[in-house]
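If you want the building blocks of each chain, they are given just below.
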Amino acid sequence: MTSPDAVVWLAVIVAGLGTYALRASFLFLFERFGDVPHGVETGLEMVPAAVLSALVVPAVVAPEGAIAVIGNGRIPAALAAAAVAWFTESILATIVAGLLAMIVIGAV
Amino acid sequence: MSRREDFIAGVTATTPVMLGVVPFGLVAGAAAVGAGLSLLQAVALSVVVFAGASQLAMIELFGQDATLLVVVGTALIINSRLVMYSASLAPHFTQEDRRWRGLMAYIMTDQAFALSVTRYAEGMESVTRKRWYYLGTAAPLWVVWQICTVAGAVVGASVPGWLPLRFAVPLTFLALLVPAIQTRAHATAALVGGSVATAGVGIPYNLGLLVGALLGVAAGTLVAGQTEGSSSGVNPEEVGE
């Protein structure tokens, strides 16, 4: 099920080069272009919330590729972890809480 | 202040941040091996891409045998926020040597950006001082990230079966998502991004993720435009990974 080796290597190289270009962008082009246009900046500020949510929600609600609510332990575990994330803002505490909840739910 | 003192001040500022980076790096290493990547591929991902959230997303997609275009497209969308950091740092380094700028770009992270820009705002005049402070915040994160992904990849292969480690990946994203929701615009972006991506789980090539992310950004931007004037938007320091 894993991508073929060639795809993995090519993806690492292309994503690496692209990511470097994103990081280098204004550090090198600022003199020529000046600041980021305001509208673009607002869009970029929305990226983390939109992308992370698009990664999290399907992984929790549809872990096997189809939406499953009944008998899906990931939903209560993720809700517990979200509460911990909200109060602690700690990555470690969030992971531990979610995994613990998952183990407990699995044992019940 | 000497260069050394500025560098050390940066290292000191970045130390508490390590608490979040260590488990994140361990998960990234373990998840890579868990998804079927070799140790060398896991290390290459950390060294070449060096951006945690995008690495985890790529790993998830590799595990689902996604196509090259989807893997790279997802990674670049996640990392597009780095353009914002590059633009915030750029005015401080217009006099900087291009080779230094090249290095600074490679080790740029959410944390190094946030710590440095905050420190510069408190007053730091010379480019040299700013450079060494930035390197002090960024370099230790690079080192710790590499060590943690290798450790995660090695240990991850021998994780006991009762530990639902695969679930640690979405949990990491969740830990980054929650503090990233600062305004109603962010909440809208998250709501639209999450629901569209979920509704689109059946779409081939994992395109639901990309479509969800893009529509989420569009919806959030729309709401931000409407509420403009009444609120000044988000503090970039508090944007997640």
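Predicted, not measured: the structure shown is a model, and the values here were computed from it.

(A) Expanded view of the interface of chain B and chain A. Contact with chain B, which involves 88 residues of that partner, is made by 70 residues of chain A. In total, about 6,900 Å² of surface goes out of reach between chain B and chain A, with carbon and sulfur atoms giving 78% of it. Connecting chain B to chain A are 16 residue pairs in polar contact (both at pLDDT 80 or more). Element by element, the count of residues in the side of chain B that touches chain A is highest for helix α10 (residues 168-180) of chain B, at 12 residues. Taken together, the residues of the side of chain B that touches chain A sort by class into 62 nonpolar, 19 polar and 7 charged.

(B) Inspection of the confidence of the model for chain A at higher detail. On average, residues of chain A score 90 in pLDDT, and 100% of them are at 70 or above. At the low end of the mean pLDDT range in chain A sits helix α2 (residues 38-61) of chain A, at 89; at the high end sits helix α3 (residues 74-88) of chain A, at 96.

(C) Inspection of the confidence of the model for chain B at higher detail. All names here are of chain B. Mean pLDDT over chain B stands at 88; residues scoring 70 or higher make up 94%. When mean pLDDT is compared element by element in chain B, helix α3 (residues 39-49) scores highest at 97, while helix α8 (residues 110-121) scores lowest at 86. Of the regions scoring below 50 in pLDDT, residues 231-241 engages in 26 contacts with residues more than four places distant in sequence or in other chains. Interface confidence for the predicted complex, expressed as ipTM, amounts to 0.88; the pTM equals 0.80.

(D) The pattern of salt bridges, seen in detail. All names here are of chain B. For the structure shown, the criterion picks out 4 salt bridges over all chains. Between aspartate 110 and arginine 81 there is a salt bridge, and its shortest N-O distance comes to 2.8 Å. Highlighted residues: aspartate 110 in helix α8 and arginine 81 in helix α6 (residues 81-89), separated in sequence by 29 residues. Since its relative accessible area comes to 8%, aspartate 110 is described here as buried. Between arginine 99 and aspartate 97 there is a salt bridge, and its shortest N-O distance comes to 3.5 Å.

(E) The arrangement of the packing of aromatic side chains in detail. All names here are of chain B. Counting across every chain of the model gives 7 aromatic pairs over all chains. Centroid distance phenylalanine 7 to tryptophan 132: 6.3 Å. Interplanar angle 70°. Geometry classified as edge-to-face. With phenylalanine 7 in helix α1 (residues 3-14) and tryptophan 132 in helix α9 (residues 127-156), the pair connects residues that are 125 residues apart, well separated along the chain. Relative accessible area serves as the criterion here: at 28%, phenylalanine 7 is assigned to the partly exposed category.

Scoring rules and cut-offs
- Per-chain numbering applies: the sequence of each chain, read as written, is numbered from 1 onward.
- Lettering of chains starts at A and numbering of ligands starts at 1, both following the order in which they are written.
- Owing to the predicted nature of the model, reporting of local features is limited to residues with pLDDT of at least 70; listing and counting of side-chain atom pairs is limited to 80 or more, with chain, interface and lining totals taken over all residues.
- Side-chain metrics in this entry use all non-hydrogen atoms of the structure; hydrogen atoms and water are not considered.
- Residues are treated as being in contact if the distance between any of their heavy atoms lies within 4.5 Å.
- Here the quantity called buried area is the total loss of accessible area, with a 1.4 Å probe, experienced by two parts when brought into contact, counted for both.
- Whenever two N or O atoms come within 3.5 Å, that pair is a polar contact, provided that in protein one can donate a hydrogen and the other can accept it, and provided that, for residues adjacent in sequence, both atoms are side-chain atoms.
- To qualify as a helix, a DSSP run of H or I must reach at least 4 residues; to qualify as a strand, a run of E must reach at least 2; elements of each kind are numbered from the N terminus.
- Amino acid classes used here: Ala, Val, Leu, Ile, Met, Phe, Trp, Tyr, Cys and Pro are nonpolar; Asp, Glu, Lys and Arg are charged; the rest, including Gly, are polar.
- What pLDDT reports is the predictor's confidence in each residue, on a scale of 0 through 100.
- The term salt bridge refers to a side-chain nitrogen of Lys or Arg lying within 4 Å of a carboxyl oxygen of Asp or Glu.
- Here's how the labels work: a residue is buried when its accessible area is under 20% of the maximum for its type, exposed when over 50%, partly exposed in between, all with a 1.4 Å probe on protein chains only.
- For Phe, Tyr and Trp, rings pair up if their centres lie within 6.5 Å, where Trp contributes its six-membered ring, and each pair is then called stacked (planes under 30 degrees apart), edge-to-face (over 60) or tilted (otherwise).

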